[in-house]
Amino acid sequence: MGDIRSINIGMKEEYGDKETCMEIAREILASGAIKGVSEEEMAAEIYSHHYARDFISKMPKILRETPIAKRMYESCDNGVDLSDYGDPDWRKMIYNLLYKFF
């Protein structure tokens, strides 16, 4: 498989739009920066990071300030880390569910 490449695309409000996420995924894959994932898998990952960040930001303060919520928010707010072949399958399943149903 060789070296696994990864990029961080930052976090932008436009990632809350599924069509925009698909366009971004298409551009990244066409550039050859990342390989081994489909456009839809990558779009779902981008969208899911935005969704999680947005969801956590709207939680009641007492929940938002728990260690896990803080860690998840900061992880998403720091951008989307995309890598060759994508995340583990269990994460891809979560991204796909969020992308399809929310």
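Rules used throughout
- Throughout, residues of each chain are indexed from 1 in the direction in which the sequence is written.
- Where local features are concerned, this predicted model is filtered to residues with pLDDT of at least 70; where side-chain atom pairs are given and counted, the filter is 80 or more; whole-chain, interface and lining totals use all residues.
- Note that water and hydrogens are dropped before the side-chain values are worked out from all heavy atoms of the structure.
- For this analysis, a ring pair means two rings from Phe, Tyr or Trp (six-membered ring only for Trp) whose centres lie within 6.5 Å, classed as stacked if their planes differ by under 30 degrees, edge-to-face if by over 60, and tilted for the remaining angles.
- Runs of H or I in DSSP of at least four residues are treated as helices and runs of E of at least two as strands, each being numbered from the N terminus.
- When accessible area is computed with a 1.4 Å probe and restricted to protein chains, residues below 20% of their type maximum are described as buried, those above 50% as exposed, and intermediate ones as partly exposed.
- The patches described consist of residues with a relative accessible area above 30% and no salt bridge, like charges being joined within 9 Å and nonpolar side chains (Val, Leu, Ile, Met, Phe, Trp, Tyr) within 5 Å.
- Accessible surface area values rest on a Shrake-Rupley calculation with a 1.4 Å probe, where residue burial reflects the displayed protein chains alone.
- Whenever a carboxyl oxygen of Asp or Glu lies within 4 Å of a side-chain nitrogen of Lys or Arg, that contact is scored as a salt bridge.
- Polar contact is defined as a pair of N or O atoms within 3.5 Å, subject to the rule that within protein one atom must be able to donate a hydrogen and the other to accept it, and that residues adjacent in sequence are counted only when both atoms are side-chain atoms.
- Note on definitions: a residue-residue contact is assigned when non-hydrogen atoms from the two residues lie within 4.5 Å.
- To get an axis, a line is fitted to the C-alpha atoms, and for a helix only the part in contact is used. The angle between two axes follows their N-to-C directions and goes from 0 to 180 degrees.
- We call two directions roughly parallel when the angle between them is under 35 degrees, roughly antiparallel when it is over 145, roughly perpendicular when it lies between 65 and 115, and oblique otherwise.
- Less than a right angle of anticlockwise turn of the near helix away from the far helix marks a crossing as left-handed, whereas a clockwise turn marks it as right-handed.
- Think of a 1 Å grid over the protein atoms and nothing else: a 1.4 Å probe that fits but is trapped marks a cavity, an open set flanked by protein within 12 Å on at least five of seven lines marks a pocket, and residues with an atom within 4 Å of a point count as lining.
- Grid points are joined across faces, edges and corners, and a volume is the space filled by probe spheres set on the points.
- Any residue that is not Ala, Val, Leu, Ile, Met, Phe, Trp, Tyr, Cys, Pro, Asp, Glu, Lys or Arg is counted as polar, Gly included; the first ten are nonpolar and the last four charged.

Further remarks concern the packing of aromatic side chains. Two numbers describe a pair of aromatic rings. These are the distance of the centres and the angle of the planes. Summed over the entire model, instances satisfying the criterion amount to four aromatic pairs. Between Tyr47 and Tyr99, the aromatic rings sit 5.8 Å apart at their centres with planes inclined by 75°, giving edge-to-face as the arrangement. Taken together, the residues span a long stretch of sequence, with Tyr47 in helix α2 (residues 39–57) and Tyr99 in helix α5 (residues 89–101) at a distance of 52 residues. Overall, Tyr47 belongs to the buried group, its relative accessible area being 7%.

What follows concerns a nonpolar patch on the surface. A cluster of nonpolar side chains, namely Met93, Leu97, Phe101 and Phe102, defines an oily patch on the protein surface of about 480 Å² accessible area. Relative to the elements of secondary structure, Phe101 occurs in helix α5.

Here Asp87 is to be found in the loop between β2 (81–83) and α5. Judged by its relative accessible area of 14%, Asp87 falls in the buried class. Polar side-chain contacts of Asp87 include one of 2.5 Å to the side chain of Tyr95. If we ignore the near neighbours within four places in the chain, the residues touching Asp87 are Glu45, Lys92 and Tyr95.

Each pair of packed helices gets described by two things: the angle between the helix axes and the distance between those axes. One way to put it is that α2 packs onto helix α4 (residues 67–77) with a least axis distance of 9 Å and a crossing angle of 135°. One finds that α2 runs oblique with respect to α4. For α2 against α4, the interelement crossing comes out left-handed. In contact with His49, Ala52, Arg53, Ile56 and Ser57 of α2, α4 contributes Ala69, Met72, Tyr73, Cys76 and Asp77.

Right, let's talk about empty space enclosed by the protein for a bit. This model, assessed by the stated rule, comprises one cavity of 30 Å³ or more. Estimated volume of the largest cavity: approximately 60 Å³. Val37, Glu41, Met42, Glu45, Leu82, Ser83, Gly86, Lys92 and Tyr95 are the residues that line the largest cavity. In terms of residues, the lining of the largest cavity owes the most to one element, α2, which gives three residues. Here the lining of the largest cavity is built from residues that sort into four nonpolar, two polar and three charged.

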